[in-house]
Amino acid sequence: MKKILVTGGSGYIGSHTLVDLIENGFEVISADNNSRSTPSMLLGVEKITGKKIKNYKVDLCNYDETRAIFEENIDITGVIHFAAFKAVGESVEKPMLYFQNNLSSLINVLRCIEEFKTPYFVFSSSCTVYGNPDAIPVTEVTPRKNAESPYGLTKQMGEQMIEAFAAANSSTNSILLRYFNPAGAHPTGLIGELPIDKPQNLTPILTQSAIGKMSGFTVFGDDYDTRDGSCIRDFIHVCDLANAHTKAIQFLLAKKNNSSCEVFNLGSGNGVSVLEAIKSFEDSTGIKLNYKIGGRRPGDVIAIYANNEKARDILEWTPKFSLDEIMTSAWKWEQLLEKMPVHLELRTFKLN
Ligand code: WQD
């Protein structure tokens, strides 16, 4: 079996990707220091797949610790690099924390891939690299505009570093995957999104409002130049996102890539407004949400959604989950979370 190292394996997208890789016949190992995740998420992966996951609890910002993983696993065929901080608001308050963590860890992983000549590398990028696009839907050749946050800047810089790395290292072929708005949870409800402290992203805010963890929430603006005045986003189910990573590795294994660094948009291809997303949650769960309309949130992109034809055609990837299924799976996870104390230590987690 081909061995894949997943960094950030205890995280939201990382854990779902471990499941998809295992279900597609790959051997997996994880590297996660649990600075922003809980080891118990791997218990959920084990329950779903029946496979015990080996996690290296190392700080990827420490080169020697990172290198030791590669030295112990010289048969690593590919690396999927999720490990990074991703809170847009926190990145504005603490830019140096984000540059240090997100870029140092990427540099160390790339240095090891170079030394050990790891054949394949997949990078967790983001639609934030597009900034506020002039035209939507965005394609992979839509220019990268100024990032709206230091977090987005680390993704842009990461992409540029990998492009330069790929040009200089023909022994490794890379793929950049630009996620739109990841949401939802595995249909079993055994793994899902675990916001640290207060959730920042819309979907966990909806589910925490529905279950009563939050008394309600604010829609950040309904006076934008969109069909209903609220922002437009492209919500993609985390299981669809996970499967795209498996498809990316399989694409590289089959040597179908035309260049040593390919980029793909991973979105549903459907632009949905914030108010439409709220209505989807209410209609699909039967729960009326308590929210008010408030002012715009600084840094918000007005409207963005993906042209995902390249990933569909070339990676042979097909998103399967609807917006309603995103919402119902997120709601199921929120309800089960109450019954899984193992995950709850993260609820009390305070950002350092
Ligand atoms: C979505 C919409 C808010 C909360 C995220 C990540 C980014 C990238 C893309 C990975 C916005 C509105 C939200 C609330 C609201 N993912 N909203 N009330 O900003 O699109 O970006 O996904 O790289 O890193 O941050 O996601 O969920 O914060 O906001 O009205 O209480 O919901 O204004 O229009 P965003 P989000």
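Cut-off values and rules
Residues numbered from 1 in each chain as written. Predicted model: local features only at pLDDT ≥ 70, side-chain atom pairs only at ≥ 80, totals over all residues. Heavy atoms only, no water. Helix = DSSP H or I, 4+ residues; strand = E, 2+ residues; numbered from the N terminus. Expected span 1.5 Å × (residues − 1). Buried < 20%, exposed > 50% of the residue type's maximum accessible area, 1.4 Å probe, protein only. Contact = heavy atoms within 4.5 Å. Near = heavy atom within 4 Å. Polar contact = N/O pair within 3.5 Å; in protein donor to acceptor, adjacent residues only side chain to side chain. Nonpolar A, V, L, I, M, F, W, Y, C, P; charged D, E, K, R; others polar. Domains from an automatic or database assignment. Buried area = accessible area lost by both parts, 1.4 Å probe. Salt bridge = Lys/Arg side-chain N within 4 Å of Asp/Glu carboxyl O. Phe/Tyr/Trp six-rings, centres within 6.5 Å; stacked < 30°, edge-to-face > 60°.

**Q** Would you take a moment to explain helix H6 (residues 150-168) for this structure?
**A** Helical periodicity: at 3.6 residues per turn, an α-helix aligns residues three or four positions apart in one direction. Taking 1.5 Å per residue, 19 residues should reach 27 Å; H6 reaches 27 Å between its end C-alpha atoms and fits that length. Buried within H6 are the following residues: Pro150, Tyr151, Gly152, Thr154, Lys155, Gln156, Gly158, Glu159, Ile162, Phe165 and Ala166. For H6, the secondary structure elements touched by its buried residues are helix H4 (88-93), helix H5 (95-116), strand E5 (120-126), strand E6 (173-179) and strand E11 (261-266).

**Q** Mind showing me how you'd approach the site of the ligand here?
**A** In the neighbourhood of the ligand, 18 residues make up the surrounding shell, with Tyr151, Leu202, Thr218, Arg233 and Asp300 lying closest. Within the backbone of leucine 202, a nitrogen or oxygen atom sits 2.7 Å from an oxygen atom of the ligand. Here an oxygen atom of the ligand sits 2.9 Å away from a polar atom, N or O, in the main chain of phenylalanine 220. Secondary structure elements with two or more residues in the shell around the ligand: helix H7 (202-211) and strand E8 (217-220). Its residues assigned to classes, the shell around the ligand comprises nine nonpolar, six polar and three charged.

**Q** Can you walk me through the domain arrangement of the protein chain in this structure?
**A** In many analyses, interface size is given as the accessible surface area lost on bringing the parts together. According to the domain assignment, the protein chain consists of domain 1 (3-184 + 235-266) and domain 2 (202-233 + 269-304 + 321-346). Counting residues at the interface gives 23 residues for domain 1 and 22 residues for domain 2. Buried area between domain 1 and domain 2, both sides added, is near 1,700 Å², and the carbon and sulfur share of it is 71%. For the interface between domain 1 and domain 2, the tally reads zero salt bridges. Going through the elements one at a time, helix H2 (40-49), strand E7 (181-183), strand E10 (235-237) and helix H8 (238-253) are the ones with two or more residues in the side of domain 1 that touches domain 2. The dominant element in the side of domain 1 that touches domain 2, judged by the number of residues it contributes, is E10, at three residues. In terms of residue class, the side of domain 1 that touches domain 2 is made up of twelve nonpolar, eight polar and three charged.

**Q** Before we go on, may I ask you to explain the packing of aromatic side chains in this structure?
**A** Two aromatic rings are characterised by how far apart their centres lie and by the angle between their planes. Counting across every chain of the model gives six aromatic pairs. On the basis of an interplanar angle of 25 degrees and a centroid distance of 5.4 Å, the ring pair of phenylalanine 217 and tyrosine 291 is categorised as stacked. Linking phenylalanine 217 in strand E8 with tyrosine 291 in strand E13 (residues 291-294), this pair joins segments that are 74 residues apart in sequence. The exposure class assigned to phenylalanine 217 is buried, which follows from its relative accessible area of 8%. Centre to centre, the rings of phenylalanine 251 and phenylalanine 264 are 5.9 Å apart; their planes meet at 85 degrees, and the pair counts as edge-to-face.

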